[in-house]
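# Topology and contacts: notes
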Amino acid sequence: MNILILGSGGREHSLAWAVHQNPKCDKLIVAPGNAGMTAIAECAAIDPDSSGAVLRLCEEEAIDFVIIGPEAPLAAGVADALRDTGISVFGPSAAAAELEASKRFTKEICDAAGAPTAAYAHFSDAHAARAYVEAQGAPIVIKADGLAAGKGVIVAMDEATALAAIDDMFGGTFGTAGAEVVIEEFMSGEEASFFVLCDGEEALPMGTAQDHKRVGEGDSGPNTGGMGAYSPAPILTQALQDQVMAEIIRPTLAEMARRGTPYQGVLYAGLMIENGRARLVEYNVRFGDPECQVLMMRLGAQVLDALQAAAEGRLAEHRISWADDHAMTVVMAAKGYPGSYEKGSVINGLDALTADSFHQVFHAGTGTKDGKVIATGGRVLNVTARGASLADAKQRCEAMLSEIDWPEGFYRRDIGWRAL
Ligand code: AMP
Ligand code: GLY
């Protein structure tokens with residue numbers, strides 16, 4: 001089978017690593033991919049958000065199955081274009097991808113499905129939004145409705161911050177994503193991520209994880225795309241997973257199907273857990289990055305069969321084999337990230353590292369120059385390991401990190417602190 005993965009980050013490297021181990025995988029292409037993947041896949045320099053470019057590549061390379069990594073091609077309708085041409089694809093339609101592309105849409109689905117989530121109101125003008133905040137008081141959460149690369153959420157601990165966020169959003173800081181604003185009740189508790197494969201009707205849990213969004217140790221400093229993750233997340237007990245499946249995931253899938261826009265792909269539920277109950281913070285319509293890296297490390301080659309079962313409506317009879325293991329990934333980022341940072345610094349020491357089913361370095365933002373690996377992004381490497389316990393996995397990560405020679409990079413040493 002010829003397989004195409006769309007995307008270019010550590011998430012897509014880990015998907016490629018898992019998929020290429022499956023004996024069913026003949027040719028593997030990642031578009032556009034990155035320098036770290038070239039040993040296991042061909043990279044194709046096309047725009048993954050362009051349906052036309054993706055369809056042409058599929059025809060040229062006789063692609064049988066497409067896995068869509070990031071949200072942008074999904075929101076742009078690339079999955080729809082592939083399905084219309086009869087190519088098997090893992091990932092939701094643009095209509096179903098609204099679960100990530102519009103916060104207001106997700107809130108309306110939760111209302112219709114009776115799924116527990118924060119109380120909310122939505123606004124299309126600043127005056128009414130300000131009046132609402134003044135009436136509700138702080139803490140309160142202000143969200144740009146549309147896709148804002150993870151930056152469109154302001155958790156305001158005081159009213160002045162909330163009012164400033166409203167002015168920013170309606171002032172155009174997030175472009176059209178902020179033309180509409182959702183204001184939510186502040187939820188306290190512990191956050192965790194739950195990943196579920198969906199085939200339009202059936203849902204199959206695919207693992208739990210916890211991410212570390214702040215740049216600094218002790219969860220300090222500005223928010224990032226994620227500085228590290230581990231799986232499983234011990235807080236998501238089987239009882240909580242059952243609650244989430246029964247009260248949040250299944251009713252959401254039923255409501256999406258009822259509307260004629262069934263959901264197929266991975267549904268990533270961001271949850272807030274307090275007093276033994278989970279509420280939905282948000283949905284994403286893709287794997288998390290770097291959460292995907294730890295899920296792939298644990299699941300390995302069977303991922304391809306599971307993603308195909310979801311794409312082909314066969315999840316009812318599909319099973320995932322779980323090992324009683326743990327995985328951790330530590331993000332190495334360029335100094336300065338998530339602010340401005342230098343590109344082009346050389347990373348040494350990667351070649352000597354052990355690479356096997358317990359140790360992998362997934363590349364997120366690298367290139368090559370004069371035969372050397374260079375940093376080309378903010379989040380650059382995902383140092384990932386698996387072990388019998390989370391402490392084992394962390395020890396393996398630390399051993400790899402100590403061998404990587406990259407003075408211009410940094411990482412958090414406390415990944416996993418909640419669970420360790
Ligand atoms: P989102 O993009 O919706 O996941 O929001 C980003 C982050 O903001 C979440 O991971 C939470 O840490 C925080 N957040 C979002 N909504 C709420 C809420 N209603 N209460 C508390 N924290 C929230
Ligand atoms: N790591 C958070 C996300 O992928 O949205």
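Attention in this report is confined to the structure presented alongside it.

Conventions used here
- Residues numbered from 1 in each chain as written.
- Chains lettered and ligands numbered in written order.
- Predicted model: local features only at pLDDT ≥ 70, side-chain atom pairs only at ≥ 80, totals over all residues.
- Heavy atoms only, no water.
- Helix = DSSP H or I, 4+ residues; strand = E, 2+ residues; numbered from the N terminus.
- Rg over C-alpha atoms; globule rule 2.2 N^0.38 Å.
- Buried < 20%, exposed > 50% of the residue type's maximum accessible area, 1.4 Å probe, protein only.
- Contact = heavy atoms within 4.5 Å.
- Areas by Shrake-Rupley, 256 points an atom, 1.4 Å probe, with all protein chains shown as cover.
- Lys, Arg positive; Asp, Glu negative; His and termini not counted.
- Charge placed at Lys NZ, Arg CZ, Asp CG, Glu CD.
- Salt bridge = Lys/Arg side-chain N within 4 Å of Asp/Glu carboxyl O.
- Near = heavy atom within 4 Å.
- Polar contact = N/O pair within 3.5 Å; in protein donor to acceptor, adjacent residues only side chain to side chain.
- Disulfide = S-S within 2.5 Å.
- Axes fitted to C-alpha atoms, helices over the stretch in contact; angles between N-to-C directions.
- Parallel < 35°, antiparallel > 145°, perpendicular 65-115°, else oblique.
- Core = buried A, V, L, I, M, F, W, Y, C linked by side-chain atoms within 4.5 Å.
- Nonpolar A, V, L, I, M, F, W, Y, C, P; charged D, E, K, R; others polar.
- 1 Å grid on protein atoms, 1.4 Å probe; cavity = no way out; pocket = protein on both sides within 12 Å on 5 of 7 lines; lining within 4 Å.
- Points joined across faces, edges and corners; volume = space filled by probe spheres on them.

Bringing the overall build of the protein into the picture now. Scanning the protein from N- to C-terminus turns up twelve helices and 23 strands. At 21 Å, the protein has a C-alpha radius of gyration in line with the 22 Å of a compact globule built from 420 residues. Taken along its principal axes, the extent of the C-alpha atoms in the protein is 60 × 50 × 40 Å. Relative to its 420 residues, the protein shows a buried fraction of 55%. A separation of at least 24 residues holds for 69% of the contacts in the protein among residues at least 6 apart in sequence. Summed over all atoms, the accessible surface of the protein reaches about 16500 Å², with 48% contributed by carbon and sulfur. Of the side chains in the protein, 33 bear a positive and 56 a negative charge, and the two mean positions are spaced by 2 Å.

Inspection of every chain in the model, using the stated rule, returns 20 salt bridges. The residue Glu-100 makes a salt bridge to Arg-286 at a minimum N-O spacing of 3.1 Å. Of this pair, Glu-100 sits in helix 5 (residues 98-101) while Arg-286 is found in the loop between strand 16 (277-284) and helix 10 (291-299), placing the two residues 186 residues apart along the sequence. On the basis of relative accessibility, which here comes to 14%, the residue Arg-286 falls in the buried class. When the shortest N-O distance is used, the salt bridge between Arg-279 and Glu-185 registers 3.4 Å.

The next thing to look at is the site of ligand 2. What surrounds ligand 2 is the set Asp-211, Gly-225, Tyr-268, Arg-286, Gly-288, Asp-289, Pro-290 and Glu-291. Here Gly-225 contributes a backbone N or O atom positioned 3.0 Å from a nitrogen atom of ligand 2. Contact between ligand 2 and Arg-286: an oxygen atom at 2.9 Å from a side-chain N or O atom of the residue. Within the complex, 87% of the 200 Å² of free accessible area of ligand 2 lies under protein.

What follows concerns the state of the cysteines. Here a disulfide denotes one covalent bond, and it connects the sulfur atoms of two cysteines. Tallying each qualifying case throughout the model produces zero disulfides. Residue Cys-397 stays outside any disulfide, its sulfur separated by 16 Å from that of Cys-292, the closest cysteine.

What follows covers the packing of helix 6 (residues 103-113) against helix 9 (residues 238-258). One can describe the packing of helix 6 onto helix 9 by two numbers: an axis separation of 9 Å at closest approach and a directional angle of 105°. Viewed along their axes, helix 6 and helix 9 adopt a mutual orientation that is roughly perpendicular. Of helix 9, the residues touching helix 6 (which contributes Phe-105, Ile-109, Ala-112 and Ala-113) are Pro-251, Thr-252, Glu-255 and Met-256.

So, about the nonpolar core. Nonpolar side chains tend toward joint burial in soluble globular proteins. Judged by nonpolar contacts, the single largest core of 47 residues is most densely connected at Leu-4, Val-66 and Ile-249. Counting residues per element, this core draws most heavily on helix 9, at seven residues. In this view, Leu-4 contacts Ile-29, Ala-31, Val-54, Leu-57, Cys-58, Ile-63, Phe-65, Val-66 and Ile-67; residues no more than four positions away in its chain are not counted. Ala-16, Ala-18, Val-19 and Cys-292 belong to the second largest nonpolar core, which has 41 residues in total.

Here we come to the site of ligand 1. In the vicinity of ligand 1 lie 15 residues, with Glu-184, Glu-185, Met-187, Glu-191 and Glu-282 positioned nearest. In the model, an oxygen atom of ligand 1 is placed 2.7 Å from a nitrogen or oxygen of the Glu-282 side chain. For ligand 1, the protein covers 88% of the area, taking 470 Å² as the surface of the free molecule. Of all the secondary structure elements, the ones that give two or more residues to the shell around ligand 1 are strand 7 (140-144), strand 8 (153-156), strand 9 (181-185) and strand 16. When its residues are assigned to classes, the shell around ligand 1 shows eight nonpolar, no polar and seven charged.

The subject of this paragraph is the side chain of Asp-289. With respect to the helices, strands and loops of the structure, Asp-289 is situated in the loop between strand 16 and helix 10. The charged side chain of Asp-289 is buried without a salt bridge, its nearest counter-charge being Arg-379 at 4.2 Å. A polar contact is formed between the side chain of Asp-289 and the side chain of Gln-293, at a distance of 2.8 Å.

Take empty space enclosed by the protein next. Taken as a whole and assessed by the stated rule, the structure comprises three cavities of 30 Å³ or more. Reported here for the largest cavity is a volume of approximately 100 Å³. Every residue lining the largest cavity is counted, 13 residues in all, and those nearest its centre are Lys-103, Thr-106, Val-281, Glu-282 and Tyr-283. When contributions to the lining of the largest cavity are tallied by element, the ones reaching two or more residues are helix 5, helix 6 and strand 16. The greatest single-element share of the lining of the largest cavity, amounting to four residues, is contributed by strand 16. Each residue belonging to the lining of the largest cavity can be placed in one class, and the counts come to four nonpolar, three polar and six charged. Counted as a void, the second largest cavity has a volume near 50 Å³. Looking at the second largest cavity, the residues that line it are Met-328, Val-330, Lys-394, Cys-397, Glu-398, Leu-401, Tyr-411, Arg-412, Arg-413 and Ile-415.

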